[in-house]
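Survey of secondary and tertiary structure
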Amino acid sequence: MALALYRTYRPASFAEVVGQDHVTEPLMQAIRTGRINHAYLFSGPRGCGKTSSARIMARSLNCVDGPTPTPCGVCDSCVGLAPDGPGSLDVIEIDAASHGGVEDARELRERAHYAPVSSRFKVYIVDEAHMVTTQGFNALLKLVEEPPDFLVFIFATTEPEKVLSTIRSRTHHYPFRLLPPTVMRGLLERICAAEQVEVEPAVFPLVVRAGGGSARDALSILDQLFAGAGQDGVRYARTVGLLGVTDEALLDDVVGALAAQDGAAVFQTVDRVVDAGHDPRRFAGDLLERLRDLIVLDAVPDAAGKGLLDHPADQLERMGDQAARLGTATLSRLADIVHIGLTEMRGTTSPRLLLELICARMLLPGASTDSGGLLQRLERLERRLDIRTDAPTIAGDPAAARGRRAGGDSDGGPAVLERGRTTAAGAADSPGRPAGRGSQAGGGAGTPSVERPSPPASLADRAAAQGAGTTARAVGAAAQAAGTTAGATGTTTASTTATAAGSTPPAAAGAEIDAAAVRQVWSELLSIVRRRRRATEALLTNATALSVDGGVLRLGIGSTPLMRLLSDPVNTEIVQLSLKDLLGVEWRIETVVQAPTLTDPQADEPDPRDEEPTSETPVRAAERDPEAVAISLVQSQLGARRIDSGD
Ligand SMILES: Nc1ncnc2c1ncn2[C@@H]1O[C@H](COP(=O)(O)OP(=O)(O)O)[C@@H](O)[C@H]1O
Ligand SMILES: [Mg+2]
Ligand SMILES: [Zn+2]
């Protein structure tokens, strides 16, 4: 029978123990300088080299040339203590799992006093030391406290905290670790080369992952793969089947479909997963791992170079693309959903159903073909209508008429929705263009911008028009209201724009949601922002929506330091995403210094064309510390609490 790989490839010297330099190097140095302790504790997860290192330690101590960190390998002691050697009378290995009782300890204690037969040291390797009973440890205590000169104990354990503390405190403790993926892969590759078995490169990450950082586990898996390998060596497809892992291609499919918001493709992939006999739970778990990898890749573009990820180059390229298309926020949202879904899947009798529900949840925002996404879009429309109900109504804008037609005629619906999108996208593309000009406002009046710039006209759109005729009509009404505003404020001078929050008519633009509208949903916005990042919410409570202009939301905030903080991409991105969630708009965020308009209704809205971020008169600015004022105002007016000071 073939010897198991993990026994054939047991390291014979410290140099062959990989991934544990943090313990092997100081150990070698201690041996080199002759600073030998009487008791060692090797701790760490299973299969990472503790037992091997204990034997190497014994070998190093007893080599005729020793103690030496590089045993000669040819002397009697070295030959006896080689990985496949017969052993040595003076190196006694005790498996505490079966010999951890007090009787065994007493017997050991008696024998330990006899000098070594033929070596320098008498070495006791107590493996699985956590299995030694308390009485057993107590029986050894005296020996460990006052050992004869020739005696060395090496305790190896996965649970160092279970080693009696009075013993532990006499040891030099060396914590072993799980092997990092790159190190593990190197080890596997060397062994495959030595065994002359051809292994498809894509197999290694699977084995590394399945091994979970334990070299012994990884080698056992490799053993099994070798056993089943055909003429062409170890193939990826077969490995996937054997290990029950999900084919990367299925993960690529589902992630790609999510990035494209292609609900149909997502559910088809689920179908294929189940058809292929994969466990939906396993798939969800693997999907979570993939999302994790994408998050890492998103944060650290050179993750592969840094050894954080181990994938073939082509796979990395695909994943880089996926990460870029999904974006940071979406990735973490998807990971959250899958993570929560996985816990729900535990013990369920219908894992497939749950997997599909997870997919539905992932597709939700902006999805166009499932009802949840549709609901969410309707929700947004309604929210915007609420915003506009208090705007004055004057008829006469052509856009309003189009809006009304859309309400009456179901075929007109999608067209108007599409036009709305186009306008929104156009505005976002050219942020410098002032909104509120009559002609532009007319183009898409009343039809809100939808978060995805140009999706294909889909079933969902038609459904929206047919199934929600009332909403479409309502949109028309909003268009009417908004169109009016556009007509009234055809200029963009500061004097004609909003002067205070909430109570005055929205003024900045007809087609777009304006600053007043944003202020109306401010508290909702804050709560969405809060879910993403509390610090951003705290900052935002100090800010006011000043204007919406050509796809740019201008926020005023009470002081320069606060303004700098708020304008940090960390914060503006969160505000952007939250606005997108709340209103379906894709705006850039611009920040200027300005006391909150809540308490300063005279403050003019800055001219959108004016790049100078100042609105306080010098006198006012000099009179008081704007930051202190802003903070006290938000505390008194909004009941804000101070979370941190300044930063
Ligand atoms: N750090 C390592 N470097 C190289 N091989 C290792 C390492 N750790 C474990 N192995 C492999 O796993 C097998 C078992 O290791 P072992 O030292 O008994 O682990 P532990 O005692 O930590 O459970 C070894 O024979 C070797 O093949
Ligand atoms: Mg061991
Ligand atoms: Zn030797």
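Presented here is an overview of the structure given in this document. (Residues numbered from 1 in each chain as written. Chains lettered and ligands numbered in written order. Predicted model: local features only at pLDDT ≥ 70, side-chain atom pairs only at ≥ 80, totals over all residues. Heavy atoms only, no water.)

Mapping Glu537 onto the fold places it in helix α27 (residues 534-540). When neighbours within four sequence positions are excluded, Glu537 is seen to be in contact with Leu526, Val529 and Arg530. (Helix = DSSP H or I, 4+ residues; strand = E, 2+ residues; numbered from the N terminus. Contact = heavy atoms within 4.5 Å.)

With an omega dihedral of -5°, the bond running from Gly66 to Pro67 counts as a cis peptide bond. You will see that Glu128, though not glycine, has its phi angle at about 50°, which is positive. Look at Gln261: it is not a glycine, yet its phi comes out positive at around 55°. Mapped onto the secondary structure, Gln261 falls in the loop between α13 (248-259) and α14 (263-275).

Let's shift gears to helix α29 (residues 569-583). Given a rise of 1.5 Å per residue, 15 residues ought to cover 21 Å, and the 20 Å separating the end C-alpha atoms of α29 matches this to within 8%. Taken together, the buried positions of α29 are occupied by Asn571, Thr572, Ile574, Val575, Ser578, Leu579, Leu582 and Leu583. Projected down its long axis, α29 shows its buried positions confined to an angular sector of 160°, all on one face. (Expected span 1.5 Å × (residues − 1). Buried < 20%, exposed > 50% of the residue type's maximum accessible area, 1.4 Å probe, protein only. Arc of directions from axis to C-beta.)

Before going further, it helps to spend a moment on the sheet that holds strand β7 (residues 552-557). Sheet strands line up and pair through hydrogen bonds in the backbone, either parallel or antiparallel. Strand order in the open sheet made by the 3 strands is β6-β7-β8, with mixed pairing throughout. Since the sheet does not close on itself, it has two edges, and those belong to β6 (543-549) and β8 (588-593), each with one partner. Averaged over all adjacent pairs, the angle separating strand axes in this sheet is 25°, with direction ignored. Relative to β8, β7 runs parallel, the two sharing 6 bridges. Counted as the bridge partner of Ile557 is Val593 from β8. Strands β7 and β8 of the sheet are contacted by α29, whose axis makes an angle of about 125° with β8. (Pairing = 2+ DSSP bridges. Axes fitted to C-alpha atoms, helices over the stretch in contact; angles between N-to-C directions.)

A few words on the side chain of His130. Structurally, the position occupied by His130 is in the loop between β3 (122-127) and α7 (134-145). For His130, a relative accessible area of 14% puts it in the buried group. In this structure the side chain of His130 is engaged in a polar contact, spanning 2.7 Å, whose partner is the side chain of Thr157. Contact partners of His130, with chain neighbours within four places excluded, come to Thr157, Thr158, Glu159 and Lys162. (Polar contact = N/O pair within 3.5 Å; in protein donor to acceptor, adjacent residues only side chain to side chain.)

Take the coordination of the zinc ion (ligand 3) next. Surrounding the zinc ion (ligand 3) are the protein donor atoms Cys63 (SG), Cys72 (SG), Cys75 (SG) and Cys78 (SG), at 2.1 to 2.3 Å. Given 4 donor atoms and angles of 102 to 120° at the metal, the environment of the zinc ion (ligand 3) is assigned as tetrahedral. Donor residues binding the zinc ion (ligand 3) come from one chain and are separated in sequence as C-x8-C-x2-C-x2-C. Judged by its relative accessible area of 7%, Cys75 falls in the buried class. Overall, the relative accessible area of 0% leaves Cys78 in the buried class. (Donors = N, O, S within 2.8 Å, 3.2 Å for Na, K, Ca; no water. Tetrahedral: all angles 85-135°; square planar, octahedral: opposite > 155°, others 65-115°.)

Turning to helix α16 (residues 313-326), a few remarks are in order. An ideal rise of 1.5 Å per residue puts 20 Å on 14 residues; α16 measures up with 20 Å between its terminal C-alpha atoms. Along α16, the residues that are buried comprise Gln315, Leu316, Met319, Gln322, Ala323 and Leu326. Down the axis, α16 shows its buried residues gathered within 120° of arc, on one side only. Across from the buried face of α16, at angles greater than 90 degrees, the exposed residues are Ala313, Glu317 and Ala324. Against α13, α15 (280-299) and α17 (328-345) lie the buried residues of α16. One or two steps after α16, the chain reaches Gly327, where phi turns positive at roughly 85°.

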